[in-house]
Amino acid sequence: MASWLGSLWGGSGASSLPYNISTDPLSPSTNKGSHGWAIHTATHKTNGEEATAFQASKAELVKTPLQQQRSQSFASSGSGNLTQLVPALHHFHRIKRLIHPRILRAHATLDTDYPDDSKPSPGLDALDKVASTGNLIIVTEKAIPLDDWLDNLNPHTAQANAAAVSWGIYNIVEGLSFLHTQAKLAHGMICPDAVFVTPGGDFKLGGFDLVTPLGIADGGGGPTPHFRKYEASVCPPDYRSPERMSGRYDTLQQSAPVHSIDCYSLAVLIDYIYTHPSAGTNGQVPVPLKKALLRMKNDSPKLRPRLPPLLKCPVFDNPYVKAQKFLDEVVSKPVEEKIIFLQSLPDILNRGVLTENVAIYKILPMLVMGLRASAGNEAAMSQDINRREVLAIVPLLFQIAESYLAKTPELFQKHVTPLVPLLFAVNDRGVRGSILQKISILETQLDKSALNSSVFEPMCSGFTDSSGPLRELTLKSTIVLVPKLNHANLEKLVRYLVRLQADPEASIRTNTVIFIGKVAPHLTETSRQKLILPAFTRSMKDPFTPCRLAALRAVIACKEYFSQKEVAEKVLPCVIPHTLDGANEVRAEAFNVVDTFLVNLREESKRMAKDEAERMSAATCGIGAEGGTGGATSAAPSSGSYLTGISSWMGSSTEPTASTSSASGAQRTTSSTSNGSLTKLPAPQPGPAAPKFSSLTLSDAQVGGSSKYNTADDSGGWSDDDDSVSPQNNSTGGGGWDDDDDAFGMSPVNKTKGDGDFFASFDSNKASKVGGGKAGSLKPGMKLKGKAKPTVTKLPASDLLDGWDDF
């Protein structure tokens with residue numbers, strides 16, 4: 001076996017076939033009933049169509065003797081041993097010439113000994129002269145032997161099995177009727193070995209090893225010598241009529257009708273099929289057929305009935321057979337009848353009248369063929385009858401794809417995927433609507449690339465269609481595609497969504513804002529920031545109540561994409577007005593949104609307060625540790641430091657001497673202690689009047705910079721260093737903020753100058769002096785002697801958020 005398989009695949013003849021044939025057989029040539037043929041799977045090299053290949057090695061056939069029971073006449077003839085070669089050659093030549101829907105269709109045949117016309121093969125009359133070194137190959141439509149099909153039936157679906165069996169017998173009767181009435185031939189080997197079943201449930205006749213004309217009345221003059229010689233060895237004895245068993249071939253030739261021998265064999269075959277455990281009839285032949293079978297088994301060939309009237313038996317009057325018959329004849333039916341049938345098929349499939357295999361292998365190819373003929377032709381689609389046919393096909397196509405092909409992605413890729421661009425190219429709203437309603441099937445079966453190019457791109461035209469229902473259906477259908485859209489298509493979708501928010505249809509605007517809430521997780525951060533908040537804000541102002549309600553709910557759904565600052569500054573200002581909306585449900589939803597966000601804002605506020613307390617605590621600890629070191633400067637003044645700094649500067653810079661400073665009157669100042677609290681300091685004793693200044697600028701006051709008066713120990717009175725006054729100058733008082741004090745902390749003595757207006761001294765032309773006498777005068781660059789002022793560690797401005805920084 002292996003040797004001839006190797007020669008088969010290595011030979012140039014086999015490669016000339018347009019089919020790829022598997023090396024491992026489904027059924028080896030040594031199986032009972034194989035008649036020397038091994039069964040292989042095959043696929044077309046171009047379109048991948050599945051087929052069945054029958055292969056036989058002539059070298060093996062010629063070595064295999066026939067061991068069936070012989071007739072009496074043949075046994076007495078003394079002929080030598082017969083082999084399988086000649087019957088196999090007879091079948092090889094007959095099957096490619098007999099073409100009928102009920103006969104196994106041969107797509108290609110090859111005898112490797114005669115690969116081309118340069119060396120013609122001997123005909124049926126010279127089969128014994130054929131070379132016996134090559135191989136025989138027959139490629140047919142996909143089919144399996146009858147016995148295998150019966151064994152594969154589900155025993156739990158008895159009713160469906162019985163209907164399928166009745167349809168199979170109906171096929172055999174039609175095939176034999178063709179042979180008898182049209183071809184004027186008798187099959188001669190009706191038995192399980194000669195019947196094959198397609199995936200669609202059709203029974204096909206094969207096994208043409210003994211085909212012969214029969215009877216003078218039909219002009220055949222048979223049976224032929226080939227039939228007489230081999231029929232006893234090829235046909236199983238149970239299927240041979242009495243006259244064949246006794247070798248009375250002259251009786252068949254002179255008076256028997258052509259159907260006589262096949263009628264007898266068919267009766268035996270029908271009984272065999274119905275008695276199979278999986279036939280669905282509890283091993284019994286249906287009552288309406290019992291009487292017919294008795295007539296078909298009549299001992300007299302002349303009394304056996306013709307087969308066509310058998311088709312009227314009530315056994316074949318069931319929905320399954322009727323549906324199958326219409327499927328076979330649908331091409332020749334009027335278009336109106338075809339449309340009505342197509343519209344009824346979804347219900348037939350839902351009720352389980354037709355099986356899954358029928359839907360996949362018979363209905364689906366018919367639908368694909370119809371779509372390619374009509375949907376791909378713009379001129380055809382302009383005719384209403386063709387448009388209606390396509391509208392009947394599309395829902396049925398997707399029902400089959402959803403119910404059966406989803407379990408087998410290979411079949412979906414083979415049958416449906418090539419049709420997707422074709423369907424979207426049809427410029428018809430009804431067809432587009434049918435496709436959009438089943439878009440979820442495409443999302444699960446197509447890859448990401450196909451969805452972006454073949455589905456999303458063409459369906460975008462629906463966003464701008466003039467039909468409102470189609471725009472809305474396009475929007476609803478797109479949601480399932482979003483997770484698989486690439487970045488470019490997502491950006492394109494965002495633009496369409498912005499446009500749909502201004503759609504004249506209120507329902508479309510409502511669905512758009514719902515869509516935006518659902519699509520937000522799949523957008524990039526940039527697209528999300530540009531889309532969701534403006535979209536929700538716009539929808540909250542929509543006059544359509546469900547649209548405003550949907551916008552509020554979408555805000556809650558997308559709350560994770562808003563920062564707390566955005567919530568406080570942008571979201572809540574838009575939501576709060578709707579707490580007084582005219583619609584009760586909108587008000588309730590608005591309060592829900594406000595309550596939800598307020599909880600988050602309170603938590604954020606507490607977090608901010610905690611962070612601020614931690615910073616202040618850290619700052620306090622730093623001041624206490626550096627209080628005695630001196631020389632530290634602050635980056636920014638604390639609350640009140642500006643006023644206290646002015647007061648301190650004025651008081652210190654106008655003292656004539658250290659002694660007069662200690663004797664100043666009721667002046668009160670404030671000091672920042674090491675713990676940051678305000679402490680009442682003793683008022684200084686009255687001193688000389690403050691000198692008048694010719695002018696005063698920010699640079700003179702040493703604000704933010706150094707001057708000749710600003711040394712390492714004296715910052716000019718505007719920094720926080722001057723907020724602390726030497727303890728020797730303090731006296732009991734009100735801390736510098738009593739009603740009798742000047743706004744800048746000046747003493748009453750100073751207020752007497754210039755009619756009580758200290759700032760009147762700014763207009764004086766007298767030069768200002770630091771000191772008023774020899775005892776306490778200070779030269780430029782010198783400083784007053786006294787106790788060292790405590791050093792205040794200045795904190796960064798970001799750590800002292802006291803409200804003054806806003807100015």
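Criteria and thresholds
Residues numbered from 1 in each chain as written. Predicted model: local features only at pLDDT ≥ 70, side-chain atom pairs only at ≥ 80, totals over all residues. Heavy atoms only, no water. Helix = DSSP H or I, 4+ residues; strand = E, 2+ residues; numbered from the N terminus. Expected span 1.5 Å × (residues − 1). Buried < 20%, exposed > 50% of the residue type's maximum accessible area, 1.4 Å probe, protein only. Contact = heavy atoms within 4.5 Å. Phe/Tyr/Trp six-rings, centres within 6.5 Å; stacked < 30°, edge-to-face > 60°. Pairing = 2+ DSSP bridges. Axes fitted to C-alpha atoms, helices over the stretch in contact; angles between N-to-C directions. Salt bridge = Lys/Arg side-chain N within 4 Å of Asp/Glu carboxyl O. Parallel < 35°, antiparallel > 145°, perpendicular 65-115°, else oblique. Nonpolar A, V, L, I, M, F, W, Y, C, P; charged D, E, K, R; others polar. pLDDT = per-residue confidence, 0-100. Core = buried A, V, L, I, M, F, W, Y, C linked by side-chain atoms within 4.5 Å.

1. Concerning helix 14 (residues 335-350)
Think of an α-helix as turning once every 3.6 residues; residues three or four places apart then point the same way.
Part 1 of the reasoning: With 16 residues, helix 14 extends 24 Å between its outermost C-alpha atoms, agreeing within 8% with the 22 Å of an ideal straight helix rising 1.5 Å per residue.
Part 2 of the reasoning: Restricting attention to buried positions, one finds in helix 14 the residues Lys-338, Ile-339, Phe-341, Leu-342, Leu-345, Pro-346, Ile-348 and Leu-349.
Part 3 of the reasoning: On its buried face, helix 14 is in contact with helix 13 (319-329), helix 15 (356-374) and helix 17 (384-403).
Part 4 of the reasoning: Gly-352 sits one or two residues past helix 14 and shows a positive phi near 80 degrees.

2. Regarding the packing of aromatic side chains
Part 1 of the reasoning: For the coordinates displayed, the defined rule picks out seven aromatic pairs.
Part 2 of the reasoning: Aromatic pair Trp-149 and Phe-203: ring centres 5.1 Å apart, planes at 80 degrees, arrangement edge-to-face. One end of the pair, Trp-149, is in helix 6 (residues 146-152); the other, Phe-203, is in strand 8 (residues 203-205), and 54 residues separate them in sequence. Neither Trp-149 nor Phe-203 differs from the other in exposure class; each is buried.
Part 3 of the reasoning: Taking 5.7 Å as the distance between ring centres and 15 degrees as the angle between the ring planes, the aromatic pair formed by Trp-167 and Tyr-170 counts as stacked. In this pair, Trp-167 and Tyr-170 are both assigned in helix 7 (residues 158-181), three residues apart and thus about one turn of the helix distant.
Part 4 of the reasoning: With a relative accessible area of 0%, Trp-167 lands in the buried category.

3. Some words on the sheet that holds strand 8
Part 1 of the reasoning: Pairing within the open sheet is antiparallel, and its three strands lie in the order 6-7-8. Each end of this open sheet is capped by a strand with a single partner; those strands are strand 6 (144-145) and strand 8.
Part 2 of the reasoning: As paired elements, strand 6 and strand 7 (residues 195-197) share two bridges and run antiparallel to each other. The residue of strand 7 that forms the bridge with Ile-144 is Val-197.
Part 3 of the reasoning: Here helix 7 sits on the sheet in contact with strand 7 and strand 8, set at roughly 30 degrees to strand 8.

4. Description of the side chain of Ser-278
Part 1 of the reasoning: Counting through the fold element by element, Ser-278 comes out in the loop between helix 11 (260-274) and helix 12 (287-296).
Part 2 of the reasoning: By relative accessible area, which is 11% here, Ser-278 ends up buried.
Part 3 of the reasoning: The contact partners of Ser-278, leaving out residues within four places of it in the chain, are Leu-150, Leu-153 and Asn-161.

5. A look at the pairing of strand 2 (residues 38-44)
Part 1 of the reasoning: Where burial is concerned, most of strand 2 is hidden: five out of the seven residues are buried.
Part 2 of the reasoning: The sheet contact formed by strand 1 (residues 19-21) and strand 2 spans three bridges and is antiparallel. Each bridged residue has a counterpart across the sheet, and for Tyr-19 the counterpart in strand 2 is His-44.
Part 3 of the reasoning: Bridge analysis of strand 2 against strand 3 (residues 50-57) gives six bridges, and the strand direction is antiparallel. Paired with Ile-39 across the strands is Phe-54, a residue of strand 3.
Part 4 of the reasoning: A loop of five residues connects strand 2 with strand 3, the two strands running antiparallel in sequence, and Gly-48 in this loop sits at a positive phi of about 75 degrees.

6. Remarks on the pattern of salt bridges
Part 1 of the reasoning: Summed over all chains, the structure comprises 32 salt bridges.
Part 2 of the reasoning: For the salt bridge of Arg-429 with Asp-465, the shortest nitrogen-to-oxygen distance reads 2.8 Å. Here the residue Arg-429 occupies a position in helix 20 (residues 429-437), and Asp-465 occupies one in the loop between helix 22 (448-459) and helix 23 (468-478), the gap between them amounting to 36 residues.
Part 3 of the reasoning: A residue is classified by how much of its surface remains accessible, and Asp-465, at 18% relative accessible area, is buried.
Part 4 of the reasoning: If you follow the salt bridges from partner to partner, you end up with Arg-102, Glu-174, Asp-202, Asp-328 and Lys-362 in one network.

7. Quick look at the packing of helix 23 against helix 25 (residues 506-519)
Part 1 of the reasoning: At a minimum axis separation of 10 Å, helix 23 and helix 25 run at an interaxial angle of 10 degrees. In terms of orientation, helix 23 and helix 25 fall into the roughly parallel class. Along its contact with helix 23, which presents Gly-468, Arg-471, Glu-472, Leu-475, Lys-476 and Thr-478, the element helix 25 presents Ser-507, Ile-508, Asn-511, Thr-512 and Phe-515.
Part 2 of the reasoning: Residues belonging to the contact of helix 23 with helix 25 are distributed by class as follows: three nonpolar, five polar and three charged.

8. As for the confidence of the model for the protein
Part 1 of the reasoning: Within the protein, residue pLDDT values average 78, and 72% of them lie at 70 or more.
Part 2 of the reasoning: Note that pLDDT drops below 50 for residues 68-79; the model gives that stretch 22 contacts with residues more than four away or on any other chain.
Part 3 of the reasoning: Every residue in residues 624-779 is under pLDDT 50, and counting partners more than four places away or in other chains gives 248 contacts.

9. Regarding the sheet that holds strand 4 (residues 106-111)
Through backbone hydrogen bonds, the strands of a sheet pair up, either in parallel or in antiparallel fashion.
Part 1 of the reasoning: Judged by pairing direction, the sheet is antiparallel, and its five strands sit side by side in the order 1-2-3-5-4 without closing on themselves. Looking at the sheet topology across the chains shown, the edges are occupied by strand 1 and strand 4. Averaged over all adjacent pairs, the angle separating strand axes in this sheet is 25 degrees, with direction ignored.

10. Some remarks on the nonpolar core
Part 1 of the reasoning: With 183 residues, the main nonpolar core has Leu-354, Ile-363, Val-455, Phe-536 and Phe-562 as its most contacted residues.
Part 2 of the reasoning: With 11 residues, helix 7 is the largest single contributor of residues to this core.
Part 3 of the reasoning: Excluding anything up to four places from it in sequence, Phe-562 contacts Ile-532, Leu-533, Phe-536, Val-555, Val-567, Val-571 and Phe-597.
Part 4 of the reasoning: In this structure, Tyr-19, Ala-51, Ala-108 and Leu-110 belong to the second largest nonpolar core, which totals 10 residues.

11. Some remarks on the environment of Ala-502
Part 1 of the reasoning: Within the fold, Ala-502 resides in the loop between helix 24 (487-500) and helix 25.
Part 2 of the reasoning: Judged by its relative accessible area of 64%, Ala-502 falls in the exposed class.
Part 3 of the reasoning: Separated by 36 residues in sequence, Ala-502 and Arg-538 place their C-alpha atoms 9.4 Å apart.

12. With respect to helix 26 (residues 525-540)
Part 1 of the reasoning: An ideal rise of 1.5 Å per residue puts 22 Å on 16 residues; helix 26 measures up with 23 Å between its terminal C-alpha atoms.
Part 2 of the reasoning: Packed against the buried residues of helix 26 are helix 24, helix 25, helix 27 (545-557) and helix 28 (564-575).

13. Digging into unusual backbone geometry
With the exception of glycine, the majority of residues adopt a negative phi angle, and the majority of peptide bonds are in the trans configuration.
Part 1 of the reasoning: Residue His-35 is not a glycine yet carries a positive backbone phi of 60 degrees.
Part 2 of the reasoning: By the element assignment, His-35 lies in the loop between strand 1 and strand 2.
Part 3 of the reasoning: For Lys-184, which is not glycine, the phi dihedral falls at a positive 55 degrees.
Part 4 of the reasoning: Here Lys-184 shows up in the loop between helix 7 and strand 7.
Part 5 of the reasoning: Taking relative accessible area as the criterion, Lys-184 reaches 39% and is therefore assigned partly exposed.

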